[in-house]
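# Inside the fold
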Amino acid sequence: MAESKKASVDQEIAGHEYDGIKEYDNPLPRWWLWLFILSIFWSVVYVVYFHLGPGLDPEGEYQAEMAAAAAAHPQGGEVAAADLEAKVADPAVVAAGKDVFGKNCVACHGPDGGGLVGPNLADDFFIHGGTPADLFRTISEGVPEKGMLAWKKMLKGDELVAVTAYVKSLRGTTPANPKAPEGQKL
Ligand code: HEC
C-alpha cells in the first residue's frame, strides 16, 4: 500500500511551488464538498425559518403543545362557556358523566340524583343556580362548609364537564325517593 502511494506521488503534486514548498493535489471528495455546500445553504434556510420566520424553537414548541393540551383538557374548573353549552347537549358526554356520577356522587345525591345528604338534583330548585355554568362552578368549587366537595381537585377537566352534563340531564326526571326541594325555583 505504502509502495504504490509513493509511486504515484509525482502525479499528485499540484503544479505550483511557494518558498520551496510543494503541495499535494488532494481535493476533497466531491460528495463531501457538496455536503458542505448544501449545509451552508441549509443554514440560511434554517436561520430564516426558525430565527426570523414562523419556525418554533424547542421552548416555543413546548408552549404551543401545552396550550393545545390545556385547551383540549381544561383543568382546575375552567371551561369556555360556549364549549360547556355544546358539550352539555352532547349525549356521549352525558353518558360519560353518568359514569363519573355513579363513582363519585351517588353517596350523597342518590343513584338517580333524588338527593340524600346532598340536595335533589332532578327538581327545578337549586341553591346555587341551575344553568350549566352554575352547575359547573358548584361542582368544581364545591360548597365546603356544607359538605359538598370541590371536585376540581379530584376530577379531570373533561370529567367535570361530563358530570355537569349528566346533572343537567337529570332535571325533569323522577327519582324514586325525591328529597324535598331546596333553594330557588329556576
Ligand atoms: C359528601 C357528600 C357529597 C358528595 C360526594 C357530592 N355532593 Fe354535591 N352536594 C352535597 C351537599 C351537602 C350539597 C348542598 C350544598 C349546600 O347546601 O349549599 C351539594 C350540592 C351540590 C350541587 C348544587 C345543588 C344546588 O341545589 O345548587 C350540585 C350541582 C352537586 N352537589 C353536584 C355534585 C356532583 C356532580 C357530585 C359528584 C362529582 C357531588 N355533588 C358529590 C354533598 C355531596
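In this text the structure is predicted, and so the values were computed from the model without any measurement.

### Here's the deal with the pairing of strand β1 (residues 13-18)
Sheet topology note: the β1/strand β2 (residues 21-24) ladder contains 3 bridges and is antiparallel. Opposite Glu 17, over in β2, you have Lys 22 as the bridge partner.

### Some details on the coordination of the iron atom of the ligand
Donor atoms from the polypeptide that bind the iron atom of the ligand are His 109 (NE2) and Met 148 (SD), placed at 2.0 to 2.1 Å. Of note is the iron atom of the ligand, whose 6 donor atoms meet at the metal with angles of 87 to 178° in an arrangement that counts as octahedral. In this pair, His 109 is assigned in helix α6 (residues 106-109) and Met 148 in the loop between α7 (132-141) and α8 (157-170), connecting sequence segments 39 residues apart. The pair formed by His 109 and Met 148 is uniform in burial state, with each residue classed as buried.

### Some words on the side chain of His 109
Taking relative accessible area as the criterion, His 109 reaches 10% and is therefore assigned buried. Excluding residues that lie within four positions of it along the chain, His 109 makes contacts with Phe 101, Gly 114, Gly 115, Leu 116, Gly 118, Pro 119, Leu 121 and Met 148.

### Things to note about the site of the ligand
Of all residues adjacent to the ligand, which total 21 residues, the nearest are Cys 105, Cys 108, His 109, His 128 and Met 148. Those elements that provide at least two residues to the shell around the ligand are α6, α7 and α8. Broken down by element, the shell around the ligand gets its largest block of residues, 3 residues, from α7. In terms of residue class, the shell around the ligand is made up of 14 nonpolar, 6 polar and 1 charged.

### Things to note about the domain arrangement of the protein
Domains assigned within the protein are domain 1 (2-52) and domain 2 (81-185). For domain 1 versus domain 2, the distance between C-alpha centres works out to 75 Å.

### Quick notes on the packing of aromatic side chains
The tally for this structure, following the rule as stated, stands at 4 aromatic pairs. Ring geometry for Tyr 46 against Phe 50: centres 4.7 Å apart, planes inclined by 35°, an arrangement best described as tilted. Here Tyr 46 pairs with Phe 50, and both are found in helix α2 (residues 30-52), just 4 residues apart, close to one helical turn. Under the relative-accessibility criterion, Tyr 46 is labelled partly exposed at 37%. A relative accessible area of 31% places Phe 50 in the partly exposed class. With a centroid separation of 5.2 Å and an interplanar angle of 55°, the aromatic rings of Phe 101 and Tyr 166 are classed as tilted. Residue Phe 101 is located in helix α5 (residues 91-104), and its partner Tyr 166 is located in helix α8; the two are separated by 65 residues in the primary sequence. Overall, Phe 101 belongs to the buried group, its relative accessible area being 1%. Judged by relative accessible area, which is 9%, Tyr 166 ranks as buried.

Calculation rules
Residues numbered from 1 in each chain as written. Predicted model: local features only at pLDDT ≥ 70, side-chain atom pairs only at ≥ 80, totals over all residues. Heavy atoms only, no water. Pairing = 2+ DSSP bridges. Helix = DSSP H or I, 4+ residues; strand = E, 2+ residues; numbered from the N terminus. Donors = N, O, S within 2.8 Å, 3.2 Å for Na, K, Ca; no water. Tetrahedral: all angles 85-135°; square planar, octahedral: opposite > 155°, others 65-115°. Buried < 20%, exposed > 50% of the residue type's maximum accessible area, 1.4 Å probe, protein only. Contact = heavy atoms within 4.5 Å. Near = heavy atom within 4 Å. Nonpolar A, V, L, I, M, F, W, Y, C, P; charged D, E, K, R; others polar. Domains from an automatic or database assignment. Phe/Tyr/Trp six-rings, centres within 6.5 Å; stacked < 30°, edge-to-face > 60°.

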